[in-house]
Amino acid sequence: MLFLLLFGIALVFTIQSHSYHKSKFINSANFLSGGVYNSINNVSAYFDLKSQNQKLSEENSRLNQLLTNQQIDTSHIAVDSTLKLKYKYLSANVIRNSYNLSNNFLLINKGLNDSIKQDFGVRSPLGIVGIVDAVSGNYATVISILNTKSKISAQLKKTNHFGSLTWNGISPNIIQLTDVEKIAPVKAGDTIITSGRSSIFPKGIPIGTVINSKLDASENFHEINVKLFNDMTNLEHVYIIENTDKKEIETLLESTHE
């Protein structure tokens, strides 16, 4: 014990009195402490992934909002609340999802307390997901595009020919675009997007690509099979879309019909 004590004192004196030994000691200490802190940081970062993913989801929601409304945020900090944005985006998580029934629904963790209402659109980073149906305080159900009662306006990206996006209840990866005029040039690989002809979805949200098409029984319209960009069996983060002009549009249409 006495030897170890004297050896330690000798080391301290040597390190303090010789710059070379001192620099080596500091470098070694920094290496060890750096490794420890790096390991701690890696562990902390792992357990913070959920929080970071939520922040990224919210940032993507903000960017989607800006892109859809073709606004530029010059401050690089936050969206100016005085801007009149036609479409607002809010991020949410899918906590329940059915895809093997004929009429499928999703459950998301946002509701009335988050200003979510019926008929708001829902999309993922890869494409459309569905339309909000019923809403409670903290949750909402979404009619999936994999629902035989769902009907959404969509079009060929390269032209203005549009039709109705429906589902035949067979494959969760393939959806149908019907009522497209037969004069429309349709080829395998063509991209299908939302048409913007409803008050729910803005124009240009990706849906999928054409697999094949045929004329319907009347031979006046295309029936198109579309391969979805979304994997509807594996959804987690989604964005809820609010059209702030929706009420005005519907009121005008109602008065026109009357």
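Residues numbered from 1 in each chain as written. Predicted model: local features only at pLDDT ≥ 70, side-chain atom pairs only at ≥ 80, totals over all residues. Heavy atoms only, no water.

- As recorded in an unreviewed UniProt entry, the protein goes by the name Cell shape-determining protein MreC, listed as coming from Hyunsoonleella jejuensis.
- Here is the UniProt Sequence similarities (unreviewed entry) comment for the protein, exactly as written: "Belongs to the MreC family." (UniProt positions renumbered as here; feature names shortened; annotations may be inferred.)

## Describing the overall build of the protein
Then comes step 1: Check the secondary structure of the protein and you find 4 helices and 12 strands.
Then comes step 2: A total of 258 residues make up the protein; the buried ones form 33% of that total.
Then comes step 3: Look at the contacts in the protein between residues 6 or more apart in sequence, and 57% of them connect residues 24 or more apart.
Then comes step 4: For the protein, the accessible surface area stands at approximately 16000 Å², while carbon and sulfur atoms represent 57% of it. (Helix = DSSP H or I, 4+ residues; strand = E, 2+ residues; numbered from the N terminus. Buried < 20%, exposed > 50% of the residue type's maximum accessible area, 1.4 Å probe, protein only. Contact = heavy atoms within 4.5 Å. Areas by Shrake-Rupley, 256 points an atom, 1.4 Å probe, with all protein chains shown as cover.)

## Comments concerning the sheet that holds strand β7 (residues 162-166)
Then comes step 1: In space, the 6 strands of this closed barrel follow the order β6-β7-β8-β11-β10-β9, with antiparallel pairing throughout. Taking each pair of neighbouring strands and ignoring which way they run, the sheet shows an average axis angle of 40°.
Then comes step 2: Bridge count for β7 against strand β8 (residues 174-181) is 3 bridges, and the pairing is antiparallel. Across the sheet, the residue bridging to Thr 166 is Gln 176, located in β8. (Pairing = 2+ DSSP bridges. Axes fitted to C-alpha atoms, helices over the stretch in contact; angles between N-to-C directions.)

## A short note on the pairing of strand β6 (residues 152-156)
Then comes step 1: Judged by how many residues are buried, β6 sits mostly within the fold: 4 of 5 residues are covered.
Then comes step 2: By the bridge criterion, 4 bridges tie β6 to β7 in an arrangement that is antiparallel. When the sheet's bridge partners are listed, Ile 152 is paired in β7 with Leu 165.
Then comes step 3: Examined bridge by bridge, β6 and strand β9 (residues 191-194) share 3 bridges and lie antiparallel to one another. What sits directly across from Leu 156, in β9, is Ile 192.

## Observations regarding the environment of Thr 166
Then comes step 1: Inspection of the secondary structure assignment puts Thr 166 in strand β7.
Then comes step 2: A relative accessible area of 18% means that Thr 166 is categorised as buried.
Then comes step 3: Distance from Thr 166 to Ile 152, taken between C-alpha atoms, is 7.0 Å for residues 14 residues apart in sequence.
Then comes step 4: Excluding residues within four positions of it along the chain, Thr 166 makes contact with Ser 150, Lys 151, Ile 175, Gln 176 and Thr 178.

## Some points on the confidence of the model for the protein
Then comes step 1: When pLDDT is averaged along the protein, the result is 80; 72% of the residues meet or exceed 70.
Then comes step 2: Helix α2 (residues 19-47) is the least confidently modelled element of the protein, averaging 49 in pLDDT, while strand β5 (residues 140-147) averages 96, the highest of any element.
Then comes step 3: Considering only residues more than four positions removed or in separate chains, one finds that residues 29-38, a stretch of pLDDT under 50, has 0 contacts.
Then comes step 4: For residues 71-83, every residue scores under 50 in pLDDT, and the model assigns this stretch 13 contacts once sequence neighbours within four places are set aside. (pLDDT = per-residue confidence, 0-100.)

## A closer look at a nonpolar patch on the surface
Then comes step 1: On the surface, a cluster of nonpolar side chains totalling about 600 Å² of accessible area is made up of Leu 2, Leu 5, Leu 6, Ile 9, Val 12 and Phe 13.
Then comes step 2: Looking at where Leu 2 falls in the secondary structure, it is placed in helix α1 (residues 2-17). (Patch = residues over 30% accessible without salt bridge, like charges linked within 9 Å, V, L, I, M, F, W, Y side chains within 5 Å. Salt bridge = Lys/Arg side-chain N within 4 Å of Asp/Glu carboxyl O.)

## So, the packing of aromatic side chains
Then comes step 1: For the structure on display, the rule yields 1 aromatic pair.
Then comes step 2: For the pair Phe 3 and Phe 7, a centre-to-centre distance of 6.0 Å together with 20° between the ring planes defines the contact as stacked. With Phe 3 and Phe 7 both in helix α1 and 4 residues apart, the pair spans about one turn of that helix.
Then comes step 3: Accessibility expressed as a relative area gives 61% for Phe 3, which makes it exposed. (Phe/Tyr/Trp six-rings, centres within 6.5 Å; stacked < 30°, edge-to-face > 60°.)

## Quick notes on the side chain of Lys 110
Then comes step 1: Topologically, Lys 110 is positioned in the loop between β2 (103-108) and β3 (121-124).
Then comes step 2: Buried and unpaired, Lys 110 has no salt bridge, with Asp 114 as the nearest side chain of opposite charge at 5.0 Å.
Then comes step 3: One polar contact links the side chain of Lys 110 to the main-chain carbonyl oxygen of Ser 91, over a distance of 2.6 Å.
Then comes step 4: Contacts of Lys 110, omitting those with residues within four sequence positions, involve Leu 90, Ser 91, Ala 92, Ile 116, Asn 138, Tyr 139, Ala 140 and Ile 240. (Lys, Arg positive; Asp, Glu negative; His and termini not counted. Polar contact = N/O pair within 3.5 Å; in protein donor to acceptor, adjacent residues only side chain to side chain.)

## So, the sheet that holds strand β12 (residues 237-243)
Then comes step 1: One closed barrel holds the 6 strands; their spatial order is β1-β2-β5-β4-β3-β12, and the pairing between them is antiparallel. Averaged over all pairs of adjacent strands, the angle between their axes in this sheet comes to 45°, without regard to strand direction.
Then comes step 2: Here β3 pairs with strand β4 (residues 127-135) via 4 bridges, running antiparallel. Considered in β4, the bridge of Val 122 is made with Gly 130.

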